[in-house]
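What follows is each chain in one-letter form.
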Amino acid sequence: MTETHVRYPHKQGLSPMPRVDAIWLHPAYQTAYRWLARLECDRPFCRHQLRHLLDAARLMWIANLEEGCGLDREVVYAAALLHDIGKATQYAMGAPHELTGARLAGDILASLDGDVAFTDAERRAIVTAIRGHRRLRADAEPLERLLCRADKASRPCFSCPADVRRACSWPDAKKNLCIQI
Ligand SMILES: [Fe+2]
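Residues take numbers from 1 onward in each chain, read along the sequence in its written order. Only residues with pLDDT of at least 70 are given local features in this predicted model, and only at 80 or more are side-chain atom pairs given and counted; all residues enter the totals for whole chains, interfaces and linings.

Let's talk about the overall build of the chain
Consideration 1: Counting secondary structure elements, the chain contains nine helices and zero strands.
Consideration 2: The helix count covers DSSP runs of H or I at least four residues long, the strand count covers runs of E at least two residues long, and both are numbered beginning at the N terminus. Going from the N terminus to the C terminus, the chain shows its helices and strands as α-α-α-α-α-α-α-α-α.
Consideration 3: Only C-alpha atoms enter the radius of gyration; for comparison, a globular chain is expected to reach 2.2 Å times N to the power 0.38, where N is the number of residues. In terms of overall dimensions, the chain is globule-like: its C-alpha atoms have a radius of gyration of 16 Å, near the 16 Å expected for 181 residues.
Consideration 4: Taken over the C-alpha atoms alone, the chain extends approximately 50 × 40 × 35 Å along its principal axes.
Consideration 5: With 181 residues in all, the chain has 34% of them scored as buried.
Consideration 6: Contact definition: two residues whose C-beta atoms, as placed from backbone geometry, lie within 7 Å. For the chain, long-range pairs separated by at least 24 residues make up 55% of all intrachain contacts whose partners lie at least 6 apart in sequence. Buried means a residue has 20 or more other C-beta atoms within 10 Å of its own C-beta, exposed means 12 or fewer, and partly exposed covers the counts in between; C-beta atoms are placed from the backbone.

Remarks on helix α2 (residues 27-39)
Since the α-helix turns once every 3.6 residues, residues separated by three or four places project in the same direction.
Consideration 1: Over its 13 residues, α2 extends 18 Å from the first C-alpha to the last, a length consistent with the 18 Å expected when each residue adds 1.5 Å.
Consideration 2: Burial in α2 covers these residues: Ala32, Tyr33 and Leu36. Around the axis of α2, the buried residues are gathered within 100° of arc, so they sit on the same side. Among the exposed residues of α2, those pointing more than 90 degrees away from its buried face are Pro27, Gln30, Arg34 and Arg38.
Consideration 3: Along its buried surface, α2 packs onto α5 (87-93) and α6 (97-111). By definition here, a helix of n residues has an expected span of 1.5 Å times n minus one. To be clear, the arc concerns the directions from the helix axis to the C-beta atoms.

Details of the environment of Arg19
Consideration 1: As for its position among the elements, Arg19 is in helix α1 (residues 18-25).
Consideration 2: A C-alpha to C-alpha distance of 9.4 Å links Arg19 and Leu109, two positions 90 residues apart in sequence.

Observations concerning the environment of Trp61
Consideration 1: Along the chain, Trp61 turns up in helix α3 (residues 50-66).
Consideration 2: We classify Trp61 as partly exposed; it has 18 C-beta atoms within 10 Å.
Consideration 3: Placed 10 residues apart in sequence, Trp61 and Leu71 show a C-alpha to C-alpha distance of 8.5 Å.
Consideration 4: Every residue in contact with Trp61, bar those within four places of it in the chain, is listed here: Arg73 and Val76.

What to know about the packing of α3 against helix α4 (residues 73-82)
Consideration 1: Axis definition: a line fit to C-alpha positions, over the contact stretch in the case of helices; interaxial angles, taken between N-to-C directions, run 0 to 180 degrees. Running from amino to carboxyl end, α3 crosses α4 at an angle of 145°, the nearest separation of the two axes being 8 Å. The handedness of the crossing between α3 and α4 comes out as right-handed. Between α3, through Leu53, Ala56, Ala57, Met60, Trp61 and Asn64, and α4, the contact on the second element is made entirely by Arg73, Val76, Tyr77, Ala80 and Leu81.
Consideration 2: Residues are grouped as follows: nonpolar covers Ala, Val, Leu, Ile, Met, Phe, Trp, Tyr, Cys and Pro; charged covers Asp, Glu, Lys and Arg; every other residue, Gly included, is treated as polar. Of the residues contributing to the contact of α3 with α4, the split by class is nine nonpolar, one polar and one charged. For any pair of crossing helices, the crossing counts as left-handed if the nearer helix is rotated counterclockwise from the farther one by less than a right angle, and right-handed if it is rotated clockwise.

What about the packing of α6 against helix α7 (residues 120-131)?
Consideration 1: Interhelical geometry of α6 versus α7 gives an angle of 160° and a closest axis separation of 8 Å. When the interaxial angle is binned, α6 and α7 end up roughly antiparallel. Crossing of α6 against α7: the hand is right-handed. Taken together, the residues of α7 that come into contact with α6 (itself represented by Glu98, Leu99, Gly101, Ala102, Ala105, Gly106, Leu109 and Ala110) are Arg123, Ile126, Val127, Ile130 and Arg131.
Consideration 2: The class makeup of the residues in the contact of α6 with α7 is eight nonpolar, two polar and three charged. Orientation labels follow simple angle bins: below 35 degrees gives roughly parallel, above 145 gives roughly antiparallel, 65 to 115 gives roughly perpendicular, and whatever is left gives oblique.

This is the structure:
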């Protein structure tokens, strides 16, 4: 058992996702995630922490089921968990986070082996989705499309304080001003 493995207690009705847990526990993931948490600790706007990542994952999974995309659940969650991992680098150095994040995600995924490994095709799809998650391409792949949409839909703008909402860089037309899903 490697350090990226966890033991699962029996929980009726819940399906473990050992490959997603391996990403979460990965030292490179934790370093980037904790760095981002420190950089965003005083941010009044939406943050890019676990709540956002899991909201995006669950919206993606709902869409996957409703639209019959047939994507693997761990692939969906892996893409969501990794998609903003380049954000700290963007804050620090200005590099677009979808590009640095895609590179870091590719490295993390490539380092997972044994029973927590993703296939080459899964890794490629996840990296493509992360690279394309900010602007929807006309020929976006299914995972990329779900991630791009869920990333934006996951933001509860309607619950944001009015002064923060006014100062937000998102135009009003893009804000989620009611509960939609
Ligand atoms: Fe995001």
